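# Secondary and tertiary structure notes
Single-letter residue listing:
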Amino acid sequence: MLPLLPVWITILVALVVGILAGFLAFRGGIVYRKNTAERDIGSAEEKAKSIYNEAIRNAEQKKKEALVEAKDQAYQLKQDAEKEIKERRSEITRQERRLDQKEESIDRKTEALEKREEDLQQRNVLADARLAEIDQMKERELEKLESIASLTQEDARNLLLSRLEEQLTHEKALKMSAFETQTKDEADELARNLISQAIARTAADHSSEATVSVVALPSDEMKGRIIGREGRNIRALETATGVDLIIDDTPEAITLSSFDPVRREVARQTLEKLISDGRIHPARIEETVEKCRRDLELVMKREGEKAVMELGLHSVHPDIIKMIGRLRYRTSYGQNVLNHSMEVAWLSGIMAAELGLNQMQAKRAGLLHDIGKALDHEIEGSHVQIGVDIAKKYKENPAVIHAIEAHHGDVEATTPLAFIVMAADAISAARPGARRENLESYIKRLENLEEIAKSFTGVESSYAIQAGREVRIMVKPDQINDDQLVILAHDISQKIENELDYPGQIKVNVMRESRAIDYAK
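Read on for a plain summary of the structure.

## Some remarks on the overall build of the protein
- Tallying secondary structure elements over the protein gives 14 helices and eight strands in all.
- Residue burial in the protein is summarised as follows: out of 521 residues, 29% are buried.
- The contacts of the protein with a sequence gap of at least 6 include a subset with a gap of at least 24, amounting to 62%.
- Split by element, the accessible area of the protein, about 35,400 Å² in all, is 54% carbon and sulfur.

In structure tokens form, the structure reads like this:
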């Protein structure tokens, strides 16, 4: 064991020596690095000082430059401000000079107005004095005139008023004549174009039907069978149809008489079927009448549908269609009402198209304008009012209702559609050959026309010509002058419109004739 001791000691000594050597080496490194760092720090400080000094010098230089630039800008701004101030001062000076001039002008005008006001006051005073003097002179002149003319002031006033009335009558006649001429010139051209186009493009067949129908018989023996034993067959037929059967000496014919064309048509068809069938007795008559009535209702419905389809109308109530078909068996002055209504519808549509209005609505109003005639035998009232009630019941357009109500002038027309329907109705009714009247009513209308013309003071004679389309009136020239002639014609036409019912229009032609007679001896 003893020999090993020096080895451990040796190892220990070596370890101690190594630690000391390492410590010394580490310390030496630290010292070196410290010295190196101190040198770097010194160098950095010197460099930083130089950079700082350089920055200070640059900052001073920029500061000086900025100051110089700021001084230049400040000087420029000052110059601009001084220039603007000078301009504003000069502008203010100009405005002050203008205001001074305006004040001087206003002062001068005020002085002139004051002088003018003084002059006006003086003139008013002078005018008042002169007016007073004129009034006094007027009174003296009136007194002199009254003494010279032997007229009082009231008589002179009446004389002046009568002369003034004559002058006003003359001017009124001239104005009326000029206005009528201008209105006719402007309206006639457009009316001619529209009406001529409408008439040229529309054609409708006209049927002339009376209140009687004639049924042909195969032989006169059939009359006895129709009468029946003790007249039972004819009584049953008249009771079932409401039509009078006239059996006279006319060979092979029986006349049916009724104011209602529908009833007359039912009776005619019934008789024709009974004659062709050969079985004529009360039970068979009632059965046949009922069947013919149903068939006629179907025919009227088809006629109404046909009319609506031809016109291209839509959404027409089925009940109104049936009423339109009933017009096929209704006449007015010999003119078939359904044909007349369709013609009015076509005319209304054409004129509405020319005027840029609703064409379908015009056709609808034209077709329905006489719809009241389908029921005027069953309901009290005029066909116009009945037609209005029907249109309101089935919710027709208010414009169509107004056109129906106004087409005979019962109310004042206020829409273009109403005027169109009125014109179309007049065209269809007034065209020569479209309608006819019985002789008694025709002569009565002409007599009334002449009597209305003769009822005016100064009328010498009157004559209805052109089948009542014109009335020519001769006046007394010593009572009616040329100026009063125009007014008289207007008054007569107004009275004719208010008191007479007539189709179309009536021309009032008033003539004044002056004659000079002398003899050669």
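Next comes the rest of the description.
## Let's talk about the pattern of salt bridges
- In total, this model carries 13 salt bridges according to the counting rule given.
- With a shortest N-O distance of 2.2 Å, Arg57 and Glu54 are connected by a salt bridge. One end of the pair is Arg57 and the other is Glu54, both in helix α1 (residues 5-149) and three residues apart, which spans about a single turn.
- Here the salt bridges do not stand alone but share partners, grouping Glu265, Arg268 and Glu272 into one network.

## Some thoughts on the nonpolar core
- Counting 42 residues, the largest nonpolar core has Val308, Ile320, Met323, Ile324, Leu367, Leu368 and Ile390 as its most contacted members.
- The biggest single contributor to this core is helix α8 (residues 337-355), with eight residues.
- In this structure, Met222, Leu237, Val262 and Met300 belong to the second largest nonpolar core, which totals 24 residues.

## Here we look at the packing of helix α9 (residues 359-368) against helix α11 (residues 398-406)
- One way to put it is that α9 packs onto α11 with a least axis distance of 9 Å and a crossing angle of 40 degrees. When the interaxial angle is binned, α9 and α11 end up oblique. You can see that α9 and α11 cross each other, and the crossing is right-handed. Packed against α9, whose contacting residues are Gln361, Arg364, Ala365 and Leu368, the element α11 presents Ala399, Val400, Ala403 and Ile404 at the interface.
- Class assignment of the residues belonging to the contact of α9 with α11 gives a composition of six nonpolar, one polar and one charged.

## Describing α8
- The end-to-end C-alpha distance of α8 is 26 Å, a good match for the 27 Å that 19 residues give at a rise of 1.5 Å each.
- Within α8, 14 of the 19 residues are buried, which leaves it mostly tucked inside the rest of the structure.
- You can read the cap of α8 off the contacts: a side-chain oxygen lies 3.1 Å from the backbone nitrogen of Leu338, and it is on Asn336.
- Just downstream of α8 lies Gly356, where phi reads positive at about 75 degrees.

## Description of the side chain of Gln269
- Along the chain, the position of Gln269 falls in helix α5 (residues 261-277).
- Taking relative accessible area as the criterion, Gln269 reaches 16% and is therefore assigned buried.
- Dropping the residues within four chain positions of it, Gln269 is found in contact with Cys292 and Leu296.

## Re the side chain of His369
- Looking at the element boundaries, His369 is found in the loop between α9 and α10 (383-393).
- Look at His369 and you get buried, because its relative accessible area is 0%.
- With sequence-adjacent residues up to four places away left out, His369 is seen in contact with His340, Ser341, Val344, Ile404, His407, Val421 and Asp425.

Scoring rules and cut-offs
Residues numbered from 1 in each chain as written. Predicted model: local features only at pLDDT ≥ 70, side-chain atom pairs only at ≥ 80, totals over all residues. Heavy atoms only, no water. Helix = DSSP H or I, 4+ residues; strand = E, 2+ residues; numbered from the N terminus. Buried < 20%, exposed > 50% of the residue type's maximum accessible area, 1.4 Å probe, protein only. Contact = heavy atoms within 4.5 Å. Areas by Shrake-Rupley, 256 points an atom, 1.4 Å probe, with all protein chains shown as cover. Salt bridge = Lys/Arg side-chain N within 4 Å of Asp/Glu carboxyl O. Core = buried A, V, L, I, M, F, W, Y, C linked by side-chain atoms within 4.5 Å. Axes fitted to C-alpha atoms, helices over the stretch in contact; angles between N-to-C directions. Parallel < 35°, antiparallel > 145°, perpendicular 65-115°, else oblique. Left-handed = near helix turned anticlockwise from the far one by under 90°. Nonpolar A, V, L, I, M, F, W, Y, C, P; charged D, E, K, R; others polar. Expected span 1.5 Å × (residues − 1). Polar contact = N/O pair within 3.5 Å; in protein donor to acceptor, adjacent residues only side chain to side chain.

Keep in mind these numbers describe shape, not what the thing actually does.
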